[in-house]
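Structural characterization, general
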Amino acid sequence: MSTSMKTQTPITQEHIDFYQENGFVKVVGMLTPGELAELRVYLEEAMQSEGENSKTTDQIGGSYYRVLNQKVNLWRYHAGMGKYSFHPRFAQSALELTGASGIRFFHDHGLWKMPEDSKATPWHQDTPYWPVNDAQAGMMSIWITLDDVDVNNGCMAFVPKSHNFGKLTGIDFLNPQNIFDYVEGGKEEKQKPVIVPLKAGSCTFHNGLTFHYAHSNVTDKPRRVLAIIFMPDGITYNGKEHMVTDGLGFVAGQPITGPRFPLLAKSEE
Ligand code: SIN
Ligand code: NI
């Protein structure tokens, strides 16, 4: 006897079509109220703890900290974060949106935009920072907010269809270049950015090539976000340094697999 184990997701054909066309999509109510409450506790604990296995990008007072208070691979430090970073509903949603045959975990990060002297996250693509070949192959992120977000506390904005502009340069978050200067032939002029306010427990997904931006936080509370990076099964390492692959013995051209990068969802056939 076989029973279907397919994980249920909130993803509709409309979400899939929108994501494929525009390179991002908003999904309302990704977390249940109970999950939202639990994840807030876990993420608070994880962001406050110091451990060898999770990496903090900058300390209070640092310039990067004004853009993002960021901690990478929280799952390695807080077991409760593993429940969410590897949550089958998130990976299955990524599978459905991308149409990949399988979805692997790449890394997670807590992305808090702190109050006071906050700076916007400049327009950028994510793929240039990742040590992978095949930029077009569908690397993507889920960005789950634990607070209601709007233009006052760091909601995101996206340029529709910019995932078709190719892999451009990595933007310096502290002294940002204008990414639009790198786009050939003024393609971006036809596409106005879309600002995406969200309720807590909702999320966006974006392709690693999609141009995105987050507003500064002018409120008096942190904006708390969990982002998880997913990669289609079969993505290969390009030999560049990166904190999540360094020291693991990957050679250029080798698929990124193994216990740090589990396959979390796969298509049924
Ligand atoms: C942010 O949360 O401010 C930026 C997120 C991203 O670049 O993906
Ligand atoms: Ni980004």
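Before reading further, recall that the structure is shown in the block above.
**A closer look at the overall build of the chain**
- When helices and strands are counted, the chain shows five helices and 12 strands.
- The C-alpha radius of gyration computed for the chain amounts to 18 Å, which stays within 12% of the reference 18 Å derived for 269 residues, consistent with globular compactness.
- The principal-axis extents of the C-alpha atoms in the chain amount to approximately 60 × 45 × 40 Å.
- When the 269 residues of the chain are sorted by exposure, 55% land in the buried category.
- The contacts of the chain with a sequence gap of at least 6 include a subset with a gap of at least 24, amounting to 82%.
- When the accessible surface of the chain is summed, it comes to about 12200 Å², and 51% of that surface belongs to carbon and sulfur atoms.

**Focus: the packing of aromatic side chains**
- A complete count under the given rule lists 16 aromatic pairs for this structure.
- Consider the rings of Y129 and F173, whose centres lie 6.0 Å apart with planes at 85°: the pair is edge-to-face. Of the two residues, Y129 is situated in the loop between strand 5 (121-124) and strand 6 (140-145) and F173 in the loop between strand 7 (156-158) and strand 8 (194-196); the sequence distance between them amounts to 44 residues.
- Taking relative accessible area as the criterion, Y129 reaches 31% and is therefore assigned partly exposed.
- Residue F173 is classed as buried on the basis of its relative accessible area of 12%.
- A ring pair is formed by F165 and F211, whose centres lie 5.3 Å apart and whose planes are at 80°; its orientation type is edge-to-face. With a gap of 46 residues between them, F165 in the loop between strand 7 and strand 8 and F211 in the loop between strand 9 (203-207) and strand 10 (212-214) connect regions that are remote in the sequence.
- Ring-pair connections join several aromatic residues into one group, and the members of that group are F106, W130, Y237, F250 and F261.

**Side note on the coordination of the nickel ion (ligand 2)**
- The nickel ion (ligand 2) binds to the protein through H124 (NE2), D126 (OD) and H212 (NE2); the donor distances cover 2.0 to 2.1 Å.
- Site description for the nickel ion (ligand 2): donor spacing in sequence, H-x1-D-x85-H. Within this pair, whereas D126 is found in the loop between strand 5 and strand 6, its partner H212 is found in strand 10, the two being separated by 86 residues in sequence.
- A relative accessible area of 11% places D126 in the buried class.

**Describing the packing of helix 1 (residues 13-22) against helix 5 (residues 88-98)**
- Packing of helix 1 against helix 5 leaves a shortest axis separation of 8 Å and a crossing angle of 65°. The two elements helix 1 and helix 5 cross, and the hand of that crossing is right-handed. Across the interface between the two elements, H15, I16, Y19 and Q20 from helix 1 touch E96, L97 and T98 from helix 5.
- In the contact of helix 1 with helix 5, the residues fall into three nonpolar, three polar and one charged.

**Digging into the sheet that holds strand 7**
- If you walk across this open sheet you meet the four strands as 5-10-7-8, and the pairing is antiparallel. Of all strands in the sheet, those bounded by a partner on one side alone are strand 5 and strand 8. Averaged over all pairs of adjacent strands, the angle between their axes in this sheet comes to 20°, without regard to strand direction.
- Here strand 7 pairs with strand 8 via three bridges, running antiparallel. Residue pairing in the sheet places A157 in a bridge with I195 of strand 8.

**Focus: the site of ligand 1**
- Every residue near ligand 1 is listed here: L68, L111, K113, T121, H124, W143, M156, H206, H212, A214 and R223.
- Measuring from an oxygen atom of ligand 1, one finds a side-chain N or O atom of R223 at 2.7 Å.
- About the coverage of ligand 1: the protein hides 93% of its 260 Å² of free accessible area.
- The cavity where ligand 1 resides is the largest pocket.

What counts and how
- Residues numbered from 1 in each chain as written.
- Chains lettered and ligands numbered in written order.
- Predicted model: local features only at pLDDT ≥ 70, side-chain atom pairs only at ≥ 80, totals over all residues.
- Heavy atoms only, no water.
- Helix = DSSP H or I, 4+ residues; strand = E, 2+ residues; numbered from the N terminus.
- Rg over C-alpha atoms; globule rule 2.2 N^0.38 Å.
- Buried < 20%, exposed > 50% of the residue type's maximum accessible area, 1.4 Å probe, protein only.
- Contact = heavy atoms within 4.5 Å.
- Areas by Shrake-Rupley, 256 points an atom, 1.4 Å probe, with all protein chains shown as cover.
- Phe/Tyr/Trp six-rings, centres within 6.5 Å; stacked < 30°, edge-to-face > 60°.
- Donors = N, O, S within 2.8 Å, 3.2 Å for Na, K, Ca; no water.
- Axes fitted to C-alpha atoms, helices over the stretch in contact; angles between N-to-C directions.
- Left-handed = near helix turned anticlockwise from the far one by under 90°.
- Nonpolar A, V, L, I, M, F, W, Y, C, P; charged D, E, K, R; others polar.
- Pairing = 2+ DSSP bridges.
- Near = heavy atom within 4 Å.
- Polar contact = N/O pair within 3.5 Å; in protein donor to acceptor, adjacent residues only side chain to side chain.
- 1 Å grid on protein atoms, 1.4 Å probe; cavity = no way out; pocket = protein on both sides within 12 Å on 5 of 7 lines; lining within 4 Å.
- Sits in = over half its atoms within 2 Å of the grid points.

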